[in-house]
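Read off the chains here:
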Amino acid sequence: MFPSQRFKPLLLLYLKSLTRTPLQTPKPNHFPSILSLKYSSATSEQRSFAVSYLVNNCGFSPETALKASKFTQFETAKKPDSVIAFFRNNGFTSSQINSIVRRAPNVLTCDPHKRVFPKFEFFLSKGASSSDVVELVSRSPRILYSSLENNIIPSYELVRRFLQSDKKTMDCIISCGHFFGTDRVVRNVRLLTDDGVTDSNISYLLRRRLSIILCSGMKGALDEVKEMGFDPSKLKFVIALLAKRIIPKSRWEAKVDAFKSWGWSEELFLRVFKKQPLFMLVSQDKINRIMRFWVNRLGWDPLALTGRPEMFGFSLEKRIIPRALVVQYLLTKELQARVESWSNGKVLHHDLVFKCSSCRNCPFAGRDRVHTFDSPNTHNVIRFFRDRGFSNSQINNVIRKAPWLLSCDPCKRVLPKFEFLLSKGVSSSEIVDQVSKYPRILTPSLKNHIVPTYELVYRFLQSDKNTVACMFGNSFFSGGRHLARNIRVMLENGVTDSNIARLLRNRCKALFGSTDMLKAVEEVKDLGFDPSKQFLL
């Protein structure tokens, strides 16, 4: 028998007695040990020094410094001084350094050459400039906490897989202040690919709104968009996802209610959203302003806009109002036949207004050439041209090519040009004929373009008659900016005034064109021609 077995019964009896005796709760010791006093004193001194340092060196308020001292403690200024010197040497300003320390105070206790510098080198190796690195770190100091190998590099490579370019990847990362320090990028991209979203559509999301990839609740948003009937493999799916994620639920419902107040049903709204998801990104105020103009001012059907939801993305003042008033004017002034001929016999108001900015055959094509006008001014413009001998068909042609005329004051913008031409011997019938054929005559500034160009040509032709003939026979009003440059090149290369005059009379387009005149002259000179002789021409 082993000795331990001999004492086993006694040992069991002793253990049972212990279990029956209640444990005594230790009384608190009101006299801390010397060790704890030393530790408390040391910690207090460190915190006091840190607070003092942050106030004096980083511009912290005492309250902010006290809070920051809970996350960083140091007894001497050696480490924090070296960290601040490191940031200064790498192009950070004092305000940027203070901002970084305020949001990441424990950076003051790290070794910047081991903890921070390798991250700077990584971004620089990907084509980022020093200023890019400064901006990135200043906007998101959490980069300083993130592991280079386990977070920064994997996240970077994942985004680059979709954007296919270091520059695009860096631009994408810099645009978002909270890219690193989280696993949401990897998790959400995996959810997108698992749901069938293509690489090109993920690239679209990354370029348009990286914050969507960093948001929480991605799974629920994906399920909601799929329930609306969107195909994950199509671009409209990610556009709808973008709209759903960036618009809060309360604001979304307010916009839907706004459309309903103008007669749209829930089903109709959903159908329009599936057709053009981006239209929900406009504000509720803009929705109501467009609807009020469309319904109250024009008297048109609000349901007509369901056919062109893109119009909610247009500027009301600069695009919708001018074109809608043009269409309304045409429809009310017995010009409906012309509108019908242009719109294939179907007068659809929303199509007319939409096409006024996209179809080059539209009577009022040109995105930025029509400006806000009112009906009285429109009548003034039409009357102005009629009083000067223009027929209805000629007026239609002029307005079609220069729709901005309907918003101008013709007595200030057009009449001075007519008077200038009359002063140069052009008859009224010639003005009507030329303006009807080339309405661009009315576009350039009289003071800054027409008069200087006319005088330049007159210098060589020495006759109003010849100068006017040159004007109307060539691209005088659109190519004047090339004329001055080309004549200067020819004069600098020794071409005589008489030879330039000969070109203006016989081959004026050569001078008004955008051809590289210097190159052409040098090539002819290389062939052995004398610039002062006619053979050069």
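## As for the overall build of the protein
For step 1, the next point in the chain: Along the protein, the regular secondary structure elements total 32 helices and zero strands.
For step 2, the next point in the chain: When the 537 residues of the protein are sorted by exposure, 44% land in the buried category.
For step 3, the next point in the chain: Put simply, of all contacts in the protein between residues at least 6 apart along the chain, 71% involve residues at least 24 apart.
For step 4, the next point in the chain: Of the roughly 29300 Å² that the protein leaves accessible, carbon and sulfur atoms contribute 52%.

## Focus: the confidence of the model for the protein
For step 1, the next point in the chain: Residues with a pLDDT of 70 or more make up 77% of the protein, whose mean pLDDT is 76.
For step 2, the next point in the chain: Ranking the helices and strands of the protein by mean pLDDT puts helix 16 (residues 249-261) first, with 93, and helix 2 (residues 8-20) last, with 42.
For step 3, the next point in the chain: Every residue in residues 1-42 scores below 50 in pLDDT, and together they form two contacts with partners more than four places removed in sequence or on other chains.
For step 4, the next point in the chain: Contacts from residues 336-348, a stretch scored under 50 in pLDDT, to residues over four places away or in other chains number 20 contacts.

## Topic: the packing of helix 5 (residues 78-89) against helix 6 (residues 94-103)
For step 1, the next point in the chain: Close contact between helix 5 and helix 6 brings their axes to 10 Å; oriented N to C, the two are set at 130 degrees. It follows that helix 5 is oblique to helix 6 by the angle criterion. The chirality of how helix 5 crosses helix 6 is right-handed. Between helix 5 and helix 6, the contacting residues are Ile84, Phe87 and Arg88 on the first element and Ser94, Ile97 and Ile100 on the second.
For step 2, the next point in the chain: For the contact of helix 5 with helix 6, the residue count by class is four nonpolar, one polar and one charged.

## Here's the deal with unusual backbone geometry
For step 1, the next point in the chain: Even without glycine at this site, Gln164 takes up a positive phi of about 60 degrees.
For step 2, the next point in the chain: Positionally, Gln164 belongs in the loop between helix 10 (148-163) and helix 11 (166-175).

## Observations concerning the nonpolar core
For step 1, the next point in the chain: In terms of nonpolar packing, the biggest core is built from 101 residues, with Phe87, Phe123, Phe273 and Phe312 touching the most fellow members.
For step 2, the next point in the chain: In this structure Phe312 touches Phe259, Trp264, Phe279, Val282, Lys286, Ile287, Ile290, Met291 and Leu305, once residues within four positions along its chain are discounted.
For step 3, the next point in the chain: One finds Phe384, Trp404, Phe420 and Val468 within the second-largest nonpolar core, a separate group that totals 30 residues.

## Considerations on the pattern of salt bridges
For step 1, the next point in the chain: Evaluated as defined, the whole model comprises 14 salt bridges.
For step 2, the next point in the chain: Note that Lys126 is salt-bridged to Glu157, the shortest N-O span being 3.8 Å. Residue Lys126 is located in the loop between helix 8 (117-125) and helix 9 (130-139), and its partner Glu157 is located in helix 10; the two are separated by 31 residues in the primary sequence.
For step 3, the next point in the chain: Here Asp223 makes a salt bridge to Lys226, at a shortest N to O gap of 3.8 Å. Note that Asp223 and Lys226 are positioned in helix 14 (residues 218-227) at a spacing of three residues, about one turn of the helix.

## Here we look at the environment of Cys411
For step 1, the next point in the chain: Locating Cys411 in the fold gives a position in helix 24 (residues 410-413).
For step 2, the next point in the chain: For Cys411 and Val381, which are 30 residues apart along the polypeptide, the C-alpha to C-alpha distance reads 9.0 Å.

## Focus: the packing of aromatic side chains
For step 1, the next point in the chain: Scanning all chains against the criterion turns up 26 aromatic pairs.
For step 2, the next point in the chain: With a centroid separation of 5.5 Å and 80 degrees between ring planes, the pair formed by Phe230 and Phe273 is classed as edge-to-face. Of this pair, Phe230 sits in the loop between helix 14 and helix 15 (235-246) while Phe273 sits in helix 17 (residues 266-275), and the two are 43 residues apart along the sequence.
For step 3, the next point in the chain: On the basis of relative accessibility, which here comes to 7%, the residue Phe230 falls in the buried class.
For step 4, the next point in the chain: Put simply, the rings of Phe230, Trp252, Phe259, Trp264, Phe269, Phe273, Phe279 and Phe312 touch in pairs and so form one group of aromatic residues.
For step 5, the next point in the chain: Just above the ring of Trp252 sits the side chain of Lys244; from NZ or CZ to the centre is 4.0 Å.
For step 6, the next point in the chain: For the cation-ring pair, Arg319 lies above Phe314, with the distance from its terminal atom to the ring centre recorded as 3.7 Å.

## Quick look at the packing of helix 9 against helix 11
Geometry of a packed helix pair, given as the angle between the helix axes and the separation of the axes.
For step 1, the next point in the chain: Where helix 9 meets helix 11, the closest approach of the two axes is 9 Å, and the angle between their N-to-C directions is 35 degrees. For the element pair helix 9 and helix 11, the recorded crossing hand is left-handed. Within the contact between the two elements, helix 9 uses Asp132, Glu135, Leu136 and Arg139 and helix 11 uses Met170, Ile173, Ile174 and Ser175.
For step 2, the next point in the chain: Here the residues of the contact of helix 9 with helix 11 are counted per class, giving four nonpolar, one polar and three charged.

## Focus on the state of the cysteines
For step 1, the next point in the chain: By the definition in use, this model includes zero disulfides.
For step 2, the next point in the chain: Not engaged in a disulfide, the cysteine Cys411 finds its nearest cysteine sulfur in Cys408; these two sulfurs lie 9.2 Å apart.

## Some remarks on the environment of Cys408
For step 1, the next point in the chain: If you trace the backbone, Cys408 turns up in the loop between helix 23 (392-401) and helix 24.
For step 2, the next point in the chain: On the basis of relative accessibility, which here comes to 9%, the residue Cys408 falls in the buried class.
For step 3, the next point in the chain: It is 9.6 Å that separates the C-alpha atoms of Cys408 and Asn380, two residues lying 28 residues apart in sequence.

## Re a negative patch on the surface
For step 1, the next point in the chain: Among the surface-exposed residues, Asp516, Glu522, Glu523 and Asp526 lie close enough to one another that they form a single negatively charged patch.
For step 2, the next point in the chain: Relative to the helices and strands, Asp516 resides in the loop between helix 31 (509-512) and helix 32 (517-526).

## A few points about the side chain of Ser138
For step 1, the next point in the chain: For Ser138, the position within the fold is in helix 9.
For step 2, the next point in the chain: Engagement of the side chain of Ser138 in a polar contact is seen with the backbone oxygen of Val134, the distance being 2.7 Å.

Conventions we followed
Residues numbered from 1 in each chain as written. Predicted model: local features only at pLDDT ≥ 70, side-chain atom pairs only at ≥ 80, totals over all residues. Heavy atoms only, no water. Helix = DSSP H or I, 4+ residues; strand = E, 2+ residues; numbered from the N terminus. Buried < 20%, exposed > 50% of the residue type's maximum accessible area, 1.4 Å probe, protein only. Contact = heavy atoms within 4.5 Å. Areas by Shrake-Rupley, 256 points an atom, 1.4 Å probe, with all protein chains shown as cover. pLDDT = per-residue confidence, 0-100. Axes fitted to C-alpha atoms, helices over the stretch in contact; angles between N-to-C directions. Parallel < 35°, antiparallel > 145°, perpendicular 65-115°, else oblique. Left-handed = near helix turned anticlockwise from the far one by under 90°. Nonpolar A, V, L, I, M, F, W, Y, C, P; charged D, E, K, R; others polar. Core = buried A, V, L, I, M, F, W, Y, C linked by side-chain atoms within 4.5 Å. Salt bridge = Lys/Arg side-chain N within 4 Å of Asp/Glu carboxyl O. Phe/Tyr/Trp six-rings, centres within 6.5 Å; stacked < 30°, edge-to-face > 60°. Lys NZ or Arg CZ within 6 Å of the ring centre and 35° of its normal. Disulfide = S-S within 2.5 Å. Patch = residues over 30% accessible without salt bridge, like charges linked within 9 Å, V, L, I, M, F, W, Y side chains within 5 Å. Lys, Arg positive; Asp, Glu negative; His and termini not counted. Charge placed at Lys NZ, Arg CZ, Asp CG, Glu CD. Polar contact = N/O pair within 3.5 Å; in protein donor to acceptor, adjacent residues only side chain to side chain.

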